[in-house]
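Coordinate analysis (summary)
Chain by chain, the residues:
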Amino acid sequence: MQLGDLITMRMIHFFNVLRRSSILAQRRLFALTEAEARIMVQVGAHAPLSLNRLSELTFQDRCQLSRTVKGLVERGLLTRERRPGGPTVDICLAPAGRELHDRMVVRAITRDERLTAPMDEADEQAFRRIIEAMIVRAEEMLEEERAFGA
């Protein structure tokens, strides 16, 4: 068996193709960079978010993230407000950001439906079970690696 034939390698290739097409679509449809789109997705799903939490969710450096958030605030897509009684700042979607996020969700659903269209319901359910089981194992592997680094 060749390395490229491994299921994980095929999944990485699949993810990379999806990611590249997604980046192009985000620029064309939403005028967002990849980092901006990741921020919009996470804020839309989890707001209000602190910069620390947003950094964890997007796997981005806080300094770079802060600059990107500032740009999205200036464009009227996000808001930043200090929490009462503390130094923490909450990041949320502004009304224009909510509208953009909603369009991004529709686009993601459409893309998912197009990708899964060849599957019948039984295949899709089996695929979801397999992916979920693999995610659990991958998270276990991540925690093992983190323990080695601690």
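Structure's up top.
The model shown is predicted, which means the values in this text are computed figures rather than measured ones.

It is worth spelling out the overall build of the protein at this point. For the protein, the helix and strand inventory stands at 6 helices and 2 strands. Each helix (α) and strand (β) of the protein, taken in turn from the N terminus, gives the series α-α-α-α-β-β-α-α. Across its three principal axes, the protein shows a C-alpha extent of roughly 55 × 40 × 25 Å. Looking at the protein as a whole, 25% of its 150 residues qualify as buried. Sequence-distant contacts, at least 24 apart, represent 47% of the contacts inside the protein between residues at least 6 apart.

Another point: helix α1 (residues 7–30). Taking 1.5 Å of rise per residue, 24 residues should cover 34 Å, and α1 covers 33 Å from first to last C-alpha, within 8% of that figure. When we look at burial in α1, the residues that qualify are Leu18, Ser22, Ile23, Ala25, Gln26 and Phe30. Contact partners of the buried residues in α1: α2 (34–46) and α5 (95–116). Once α1 ends, the next one or two residues include Ala31, with phi positive near 55°.

The next subject is the side chain of Gln42. For Gln42, the location among the structural elements is in helix α2. Accessibility expressed as a relative area gives 18% for Gln42, which makes it buried.

Attention now moves to helix α6 (residues 121–149). For α6, built from 29 residues, the straight-helix expectation of 42 Å at 1.5 Å per residue is met to within 8% by its first-to-last C-alpha distance of 42 Å. Where α6 starts, the residue carrying a side-chain oxygen 3.1 Å from the main-chain nitrogen of Ala122 turns out to be Asp120.

Below, the discussion takes up unusual backbone geometry. The peptide bond linking Ala47 to Pro48 adopts the cis configuration, its omega dihedral lying at 0°. Relative to the helices and strands, Pro48 is located in the loop between α2 and α3 (51–58). Although it is not a glycine, Phe59 sits at a positive phi angle of roughly 55°. Considering the arrangement of structural elements, one finds Phe59 in the loop between α3 and α4 (62–74). Phe59 sits in the exposed class, given a relative accessible area of 70%.

Before going further, it helps to examine the side chain of Gln26. Mapped onto the elements, Gln26 comes out in helix α1. In contact with Gln26, not counting residues within four places along its chain, are Ala31, Leu32, Thr33, Glu34 and Ala37.

A few words now on the nonpolar core. By size, the foremost hydrophobic cluster in this structure holds 19 residues, and its most contacted members are Leu32, Ile39, Met40, Val43, Leu54, Val69 and Leu78. Among the secondary structure elements, those contributing two or more residues to this core are α2, α3, α4, β2 (89–93) and α5. Per-element tally for this core: the top contributor is α2, with 4 residues. Excluding residues that lie within four positions of it along the chain, Ile39 makes contacts with Leu54, Thr58, Gln60, Leu65, Thr68, Val69, Leu72 and Leu78.

Rules behind the numbers
Residues numbered from 1 in each chain as written. Predicted model: local features only at pLDDT ≥ 70, side-chain atom pairs only at ≥ 80, totals over all residues. Heavy atoms only, no water. Helix = DSSP H or I, 4+ residues; strand = E, 2+ residues; numbered from the N terminus. Buried < 20%, exposed > 50% of the residue type's maximum accessible area, 1.4 Å probe, protein only. Contact = heavy atoms within 4.5 Å. Expected span 1.5 Å × (residues − 1). Polar contact = N/O pair within 3.5 Å; in protein donor to acceptor, adjacent residues only side chain to side chain. Core = buried A, V, L, I, M, F, W, Y, C linked by side-chain atoms within 4.5 Å.

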